[in-house]
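Below are the chains, spelled out letter by letter.
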Amino acid sequence: MDLQKEWQQQELLAAEDCLAHRPLEEEYAFYHAVSSGDINFVQKNCLQNTFASPNGMGVLSPNPLTNMKYHFVVTVAMIVRHCVEAGMELEQAYRLSDFYILKMDACTSIPAICKLHDSMVLDYTGKMLLLKKESVISKPVIRCMDYIYSHLNSRLTIEELADYTGLSTSYLSRLFKQELGVAISTYISEKKIEKAQHLLKYSDFSLIEIANYLAFSSQSHFIQTFKKSVGMTPKKYRDKFYRTSW
């Protein structure tokens, strides 16, 4: 049977069964809520188990578990695009989606996927809420933030960022400080420490390996910067949090 004939038969069956997808307005209202940081709307959606409801979901696979996994991927893909358009760093949005899709791929039950879905949408919503609280961010600063996030394992300089954004170093520095409230060097350091915290929690890399990966000048410089930012040494942080928060 060719695809056109098969499609026509499927269309007739769907029409007879009165199978209709959810209105686009409902889907876009949800995606907008996530990308705008509307935590109350998203929490309510999760409490209503909207994602788990089969009404209007559509059938992407005859296997219920596989069908739910496909819908999870579609949801993540849509959320990524809405959040990036709303100002989230591109690499952060994609890496977060990769993380949740990999976690979902290991799920063996529909309730587990639904629970992970709620965690995922609330995570994106929370990050967008923080972003919205920061003030309106210009495109050059967003590009700068995205570049920093993608190059945390390099020794970033203001000159490099200015060249990337096409702005002078002095103007970019003023713009960045004006919009984010911190100097570029401080922002870079904060992002490197955030990455270090993640590596200390979830990897087996040694302190020197983490320091080298994040392009600190030395292990002692890494320890000093980490302690100043977090309030404890990297070793104490790992001892306290190693694989305790998945």
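Above this text you will find the structure in question.
Overview of the structure. (Residues numbered from 1 in each chain as written. Predicted model: local features only at pLDDT ≥ 70, side-chain atom pairs only at ≥ 80, totals over all residues. Heavy atoms only, no water.)

The next subject is the pattern of salt bridges. Two side chains with opposite charge may pair up if their charged atoms get near one another. Tallied over the entire structure, the rule returns 4 salt bridges. We note a salt bridge from arginine 95 to glutamate 91, for which the minimum N-O separation is 3.2 Å. Residue arginine 95 and its partner glutamate 91 are both found in helix 5 (residues 90-105); the two are separated by 4 residues, about one turn of the helix. For arginine 95, a relative accessible area of 36% puts it in the partly exposed group. Salt-bridge contacts for lysine 191 lead to glutamate 194; the nearest nitrogen and oxygen are separated by 3.5 Å. (Salt bridge = Lys/Arg side-chain N within 4 Å of Asp/Glu carboxyl O. Helix = DSSP H or I, 4+ residues; strand = E, 2+ residues; numbered from the N terminus. Buried < 20%, exposed > 50% of the residue type's maximum accessible area, 1.4 Å probe, protein only.)

A few words now on the nonpolar core. Judged by nonpolar contacts, the single largest core of 58 residues is most densely connected at Phe72, Ile79, Tyr124 and Phe176. At 8 residues, helix 6 (residues 110-133) tops the list of elements feeding residues into this core. Sequence-distant contacts of tyrosine 124, defined by excluding residues within four places in its chain, comprise Val34, Ile79, Val80, Cys83, Met88, Ala93, Leu96 and Ser97. (Core = buried A, V, L, I, M, F, W, Y, C linked by side-chain atoms within 4.5 Å. Contact = heavy atoms within 4.5 Å.)

Right, let's get into a nonpolar patch on the surface. On the surface, Leu60, Tyr70 and Val74 cluster together to form a nonpolar patch covering roughly 270 Å² of accessible area. For tyrosine 70, the location among the structural elements is in helix 4 (residues 64-85). (Patch = residues over 30% accessible without salt bridge, like charges linked within 9 Å, V, L, I, M, F, W, Y side chains within 5 Å. Areas by Shrake-Rupley, 256 points an atom, 1.4 Å probe, with all protein chains shown as cover.)

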